[in-house]
Amino acid sequence: MVCIFDFSKEIAWERGYLKKKCLQLGVEQEYGSYERRLRCSSTGVFIFLHTALTALHCILLLWTCDYCEIIYFDVFLYLVNATLTILVLSTNFNDKFVEAHSWIMLVTSLAVVFLMVVVDLILHLYHYYFNDWNIGTFYDTYVLLMIYLFLPVPFLKWPIILGCSVSIIYTIYRFCYTSTRYPIVEFFDATNMLHHLCLNIMGIFYRGISDIVLRSSFLDRYQYVMEDVSLRSARKREKLLLDSILPPQIARPFQADIRNRIALAGKRNRKSIQNMSQHIMAIESHTDVTILYADVVNYTHLTTTLTVNELVTLLHDLYGRFDVAAGHFNVQRIKFLGDCYYCVAGLTRPNPDHAKCCVELGHCMIANIREVQQHRNLNIDMRIGVHSGSILAGAIGIAKLQFDIWGNDVDIANLLESTGLPGHIHISQRTLDMMIDHSYEILPGTQEARDNPYLQSNRIRTYLIAGIDIYIVDYEFSSKESISFDRNSLNDSHNGIVLELRKELANLPTGAFHIKNLLGFFKKKQTKYDRPLFGFFLLHFFDPRLEYKYMRQPDYLLRYSVLLSWCVGISLIYIQMISNSGRESNHYFVVASFIIMMTLQLFITWYKKVCHWRYKKVPTHKFSSFSCLIFRIADFIERNLIIRMVMYMLTIISYYCVIALVLMDCDIKMFELAHIESKLYHYESDPYLCFQPWVLTDMRQAEFNNRVNFNWKMELIRKQQAANITNKSITILLKNILPSHVVNVYLTSLAKNELYHEDYKMVSVMFASLQKIQMDLPNLRILNEIICEFDQVLSHYRKGFSVDKIKIVGSTYMAACGLDPRFSSSLYERKSSYEYSYNAYRNRRLTHFAKENKSNDDISVQNEEVVFVLTAFALDLMRTVWVCNNVYDRFPTDRQLSVGELTIGISSGEVMAGVVGASQVHYDIWGNPVNMASRMNYTGTAGKIHLTKESALILDKYGIQCDYRGMTFVKGRGELPTYFVGIDENYEFKHTPAYAEGKVSIFVPEDNNLNDTDSNE
């Protein structure tokens, strides 16, 4: 059996790996600062404890000693030692000085250790020679614990050197001065040597484990800070994106709904979550605004004469200039419709001079387009209409959300633009009355406006203002400034992350015990780092769920604990063996069992580590079945809390058994005799005669660091989840504004206002208008419901057939099919297996056509099926309106809810798509098919799908009947042959019998004077 050797999780808890990671991330210096703060905190705790213990020790000496006259010198030295220790160690509290002179920590630690050892030995020698009194050493164990647990000795090397030096000094001293006083000197020296050895091993273990836990905690905190900064950046990015598309008060319900849907994704089924937002309608009323409509004169000619790059670059240049000017005059751009640009002043913030702002913006637009006209040598101009009044503003639907405006005054502004003159601003009487302190020459309105029935029915008087040259700034300079601002923002963001990281790391907790808090000094406002997470004595989490998770986490440092317990256990056994009188044979059984158990644990927990050392340069090494078994057992022990607790309990019980054996070997008569002699001859008896110098150490700081580290990991997981939700919501918002394939591009280049455009050889475009809808609030509610139903239908076409919603213009729904660059291959591969939900017949026709064209290498012919897909989508929209009207007819109400029928226009051909402008993100398409689809919709008939000849010929290949309508006048193109799609009373396609014979069944008029667009016949 061969197993996969995985040491990745264990190596993440190796000191060398963690140190290398800190160096790679460039935070080793910050970690050093944090470690110094931690050591200084431990030093403060030691000063408090040392002062308290010294005071208690002196009080007990004076109170309990029978010879008070000879211990005054002891008390004096202890107090002097405590005073000097406090003064020397207090220099480490000056953070700036210590950071500039890191050697201070080592020097002060050496001085304190030297002082304590000297005081301890002086007292021993003083009583030994002057009072013939062997009092023993007092500070040996205390100094070792002080070195490893409290002193600010940096790194791991110096504590080991100090600890071993202190142990050697005490061992040599005992051997030279006390060996003659003890008959069992070999046993006593061996015991004390083992005592010091185990203390050093435990100190090294504490320091090593503390460094591993600290580095791991530090790196987790670093990741936590980065996630926190990333989360705030994502939220800021989301807010900026929403604010650029929708005003905050409009975007808020959609933003909350998206986050709720993501958060509840695991609790509800997908369908119910998707339906949560289908009836949201965020619309507000604004009663005092000014609307500006601007249209590029001669734009239709541009779409037929300019190349893709030229047209989109021109529009990006124009709309970018307009956006900069709109921002300068506090006018909010709503959207653009091909060559039509409309905006509103006084919408997001009150502005009493909103009418004049729009007029000045109009002058700036005319000046800019004249500059572009001269620079590019194009015959273009601007026609602008401005009207003041009230509007409804918001967003409707559930897909491709866009901010829009509705109302009677919006229609009036649109008519003022269409009836105006090039190079002039066409304004209404109300706008003129609201203009404050203007100096423009006011001319009479156009005759076309006076003859317009809609304007006359609303009693609108119009005026003209000739365009004048108004320049706010140079546009090219603004673009460069915008790009450099983005780069500066990136640098500021990086600097902000560094400052935030340093601030967070400076606030890292350093321990569960703070002297300042205990004494009540330096009180300050409680922060999130000061709030207690766990109890002071037991260090348990107050949250039981957090405590449960903490207890059940894997222990990848278990092998170090097992090694320490093995060393201590072997030392205990050695003491028991050299003190054993040999009278109890069962002692050997207990000792042997203990050695076997501890060695087996050591072998299992360290086997994987040894294999990693041995074969880390041979990643393809195959381990035996025995090795695989040991690996699995070790992993199981590390991950199972109950097994580890059993191991801990067995180890503790074994320790007590060995200690009990040592006590059982004690000679009680000798112990009693030594005690009697000490009272008679006034000397202290040997304290180690039956009770060996084993001490209990406190690892609370290590446990505190472990729990703080675990809490940070939990916080990190929560931050990652929150950041994930926010990032997903940004992606959803982007995909709800831009087509999916544009999202990734927008996140990179378009984020810097760079131009983006695409060229498609075959795209089908549709305009579908609802008739007889007055744009008031009750009808907007109905329109929102219908648009939501349209979007639900769109969801079935978007994934499988690349149908995208482009925009909503009033009550007109615009969509296109074929905007996915992968469309030519992805649709062709999927269509044979995808079953249409609306009609099995159309699926059969599509599959048959695909098989006939399978060997055709002409991509444009394969892409012709976009016309069929979009026509099928249009038919589904007509069905949806029919269903809605039937529901509304049965709905009990006192007003008419019917929305009439759809008027649909479809055209196909080569289009340009892109994101243009400098402020809001707006994806649009341009080209002759867009203009023709709009004209087909405008000249169409309610309840019919109106087509151009090219689209009708393509549908005929699919067996769809297309009825010749006749020659239809199209603005800008003249008389063109157009067709209606054959639809029966059940809203099904009529098919042609001639399809099976491969013949063209539609009527094609013979006219040599047709435009170039008819040459595809």
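Draft legend 1. Focus on the overall build of the chain. Along the backbone of the chain there are 35 helices and 16 strands. Considering only contacts within the chain whose residues lie at least 6 apart along the sequence, 77% involve residues at least 24 apart. Surface exposure of the chain reaches about 49700 Å², of which carbon and sulfur atoms provide 58%.

Draft legend 2. The arrangement of a nonpolar patch on the surface in detail. On the surface, F48, L49, L53, L56, I59, L60 and W63 cluster together into a nonpolar patch covering about 700 Å² of accessible area. Within the secondary structure, F48 sits in helix α3 (residues 28-64).

Draft legend 3. Spotlight on the packing of aromatic side chains. For the structure on display, the rule yields 25 aromatic pairs. Between F868 and Y958 the ring centres are 4.9 Å apart and the planes differ by 10 degrees, which places this aromatic pair in the stacked class. Of the two residues, F868 sits in helix α33 (residues 865-890) while Y958 sits in the loop between α35 (949-957) and β15 (962-970), which places them 90 residues apart along the sequence. Note on F868: relative accessible area 1%, which makes it buried. Put simply, the rings of F603, Y607, Y615, F623, F626 and F631 pair up and form one aromatic cluster. Looking at K944, its charged tip hangs above the ring of F980, at a distance of 6.0 Å from the centre.

Draft legend 4. Layout of the environment of L563. Checked against the element boundaries, L563 lands in helix α22 (residues 558-579). With a relative accessible area of 32%, L563 lands in the partly exposed category. For L563 and W606, which are 43 residues apart along the polypeptide, the C-alpha to C-alpha distance reads 8.6 Å. Residue contacts for L563: discarding those within four places in its chain leaves L602 and W606.

Draft legend 5. Structural context of the nonpolar core. With 56 residues, the main nonpolar core has M766, V803, Y813, F873, L902, I904 and I945 as its most contacted residues. Ranked by residues supplied to this core, first place goes to α33 with 14 residues. Beyond its immediate sequence surroundings of up to four residues, M766 is in contact with Y813, M814, A815, L870, F873, A874, L877, I904, G905 and I906. Counting residues in each nonpolar core, the second largest holds 46 residues, with Y299, L311, M382 and Y440 among its members.

Draft legend 6. Quick look at unusual backbone geometry. Even without glycine at this site, N330 takes up a positive phi of about 60 degrees. Considering the arrangement of structural elements, one finds N330 in the loop between α13 (308-328) and β2 (331-337). Given a relative accessible area of 45%, N330 falls into the partly exposed group. Here the phi dihedral of Y987 falls at roughly 55 degrees; this positive angle occurs in a residue that is not glycine.

Draft legend 7. Region of the structure containing the side chain of K807. With respect to the secondary-structure elements, K807 resides in strand β10 (residues 803-809). Take K807: its relative accessible area is 3%, and that puts it in the buried class. Among the polar contacts made by the side chain of K807, one reaches the main-chain carbonyl oxygen of F336 at a distance of 3.1 Å. Residues contacting K807, with those up to four places away along its chain left out, are K335, F336, L337, G338, Q402, T812, Y813, M814, H922 and D924.

Draft legend 8. Structural view of the side chain of S907. Here S907 is to be found in strand β12 (residues 902-915). The buried category is assigned to S907, whose relative accessible area is 2%. Once you skip the residues sitting within four places of it in the chain, S907 turns out to touch V763, S764, V765, P929, M932, A933, T948 and S951.

Draft legend 9. The arrangement of the packing of helix α4 (residues 72-90) against helix α6 (residues 103-130) in detail. The N-to-C vectors of α4 and α6 enclose an angle of 175 degrees; their axes lie 10 Å apart at closest approach. It follows from the interaxial angle that α4 and α6 lie roughly antiparallel. Residue-level inspection shows F73, D74, L77, Y78, N81, L84, T85, V88 and L89 of α4 in contact with α6, the latter providing T108, A111, V112, L115, M116, V119, I122, L123, Y126 and H127. In terms of residue class, the contact of α4 with α6 is made up of 14 nonpolar, four polar and one charged.

Draft legend 10. Highlighting the pattern of salt bridges. If you walk through the whole model with that rule in mind, you get 23 salt bridges. Measuring nitrogen to oxygen at the nearest pair gives 3.3 Å for the salt bridge that ties R383 to D295. Of the two residues, R383 is situated in strand β4 (residues 381-395) and D295 in strand β1 (residues 282-297); the sequence distance between them amounts to 88 residues. With respect to burial, R383 and D295 carry one shared label: buried. A salt bridge links E864 to K957; the nearest nitrogen and oxygen atoms lie 3.1 Å apart. Of the two residues, E864 sits in the loop between α32 (859-862) and α33 while K957 sits in helix α35, which places them 93 residues apart along the sequence. When its relative accessible area of 13% is taken as the criterion, E864 is described as buried. Taken together, the shared-partner salt bridges in this structure form one network comprising E10, K608, D635 and R639.

Draft legend 11. Representation of the confidence of the model for the chain in the model. In the predicted model, the chain carries a mean pLDDT of 76, and the fraction of residues at 70 or more is 72%. Confidence scores differ between elements of the chain, with helix α30 (residues 823-830) showing the lowest mean pLDDT of 36 and strand β6 (residues 424-428) the highest of 94. Scored below 50 in pLDDT, residues 474-491 makes 12 contacts in the model with residues more than four places away or belonging to other chains. Low confidence marks residues 512-531, where pLDDT is under 50. Its contacts with residues over four positions away, or in another chain, come to 23 contacts.

Draft legend 12. Region of the structure containing the pairing of strand β14 (residues 944-948). For β14, a buried count of four out of five residues is recorded, marking the element as mostly surrounded by other parts of the structure. With four bridges joining them, β12 and β14 adopt parallel strand pairing. Residue pairing for β14: T903 is matched across the bridge by K944.

Draft legend 13. Expanded view of the environment of I575. Residue placement: I575 occurs in helix α22. Of the residues examined, I575 reaches a relative accessible area of 1% and is grouped as buried. Sequence separation between I575 and I659 is 84 residues; the distance between their C-alpha atoms is 9.3 Å.

Draft legend 14. Highlighting the environment of G338. Residue placement: G338 occurs in the loop between β2 and β3 (340-345). Its relative accessible area of 13% is what places G338 among the buried residues. Counting along the chain gives 587 residues from G338 to I925, while the straight-line C-alpha distance between them is 7.3 Å. With near-sequence residues (within four places) excluded, G338 lies in contact with Y299, L315, Y319, K807, D924 and W926.

Draft legend 15. Representation of the pairing of strand β11 (residues 812-817). Of all six residues in β11, six are buried; the element is thus mostly enclosed. Of the two faces of β11, the one carrying T812, M814 and A816 and the one carrying Y813, A815 and C817 are both buried. Here six bridges tie strand β9 (residues 756-770) to β11, and the two strands are oriented antiparallel to one another. Looking across to β11, one finds that M766 is bridged to A815. Pairing of β10 with β11 involves six bridges; the strand directions are antiparallel. When the bridges of β11 are listed, V809 appears paired with T812. The antiparallel pairing of β10 with β11 creates a hairpin that spans two residues between the two strands, and G810 there sits at a positive phi of about 65 degrees.

Draft legend 16. Main features of the packing of α33 against α35. In contact at an axis separation of 9 Å, α33 and α35 are set at 90 degrees when each is read in the N-to-C sense. Between α33 and α35, the crossing angle belongs to the class labelled roughly perpendicular. For the pair α33 and α35, contact is made by V867, F868 and T871 and by S951, I954 and L955, respectively. Tallied by class, residues from the contact of α33 with α35 come to four nonpolar, two polar and no charged.

Draft legend 17. The state of the cysteines, seen in detail. Applying the stated criterion to the full structure yields zero disulfides. The closest cysteine sulfur to the non-disulfide-bonded C340 is located on C343, 9.8 Å from its own sulfur. The class for C340 is buried, based on a relative accessible area of 8%.

What counts, and where the lines are drawn
- Residues numbered from 1 in each chain as written.
- Predicted model: local features only at pLDDT ≥ 70, side-chain atom pairs only at ≥ 80, totals over all residues.
- Heavy atoms only, no water.
- Helix = DSSP H or I, 4+ residues; strand = E, 2+ residues; numbered from the N terminus.
- Contact = heavy atoms within 4.5 Å.
- Areas by Shrake-Rupley, 256 points an atom, 1.4 Å probe, with all protein chains shown as cover.
- Patch = residues over 30% accessible without salt bridge, like charges linked within 9 Å, V, L, I, M, F, W, Y side chains within 5 Å.
- Salt bridge = Lys/Arg side-chain N within 4 Å of Asp/Glu carboxyl O.
- Phe/Tyr/Trp six-rings, centres within 6.5 Å; stacked < 30°, edge-to-face > 60°.
- Buried < 20%, exposed > 50% of the residue type's maximum accessible area, 1.4 Å probe, protein only.
- Lys NZ or Arg CZ within 6 Å of the ring centre and 35° of its normal.
- Core = buried A, V, L, I, M, F, W, Y, C linked by side-chain atoms within 4.5 Å.
- Polar contact = N/O pair within 3.5 Å; in protein donor to acceptor, adjacent residues only side chain to side chain.
- Axes fitted to C-alpha atoms, helices over the stretch in contact; angles between N-to-C directions.
- Parallel < 35°, antiparallel > 145°, perpendicular 65-115°, else oblique.
- Nonpolar A, V, L, I, M, F, W, Y, C, P; charged D, E, K, R; others polar.
- pLDDT = per-residue confidence, 0-100.
- Pairing = 2+ DSSP bridges.
- Disulfide = S-S within 2.5 Å.

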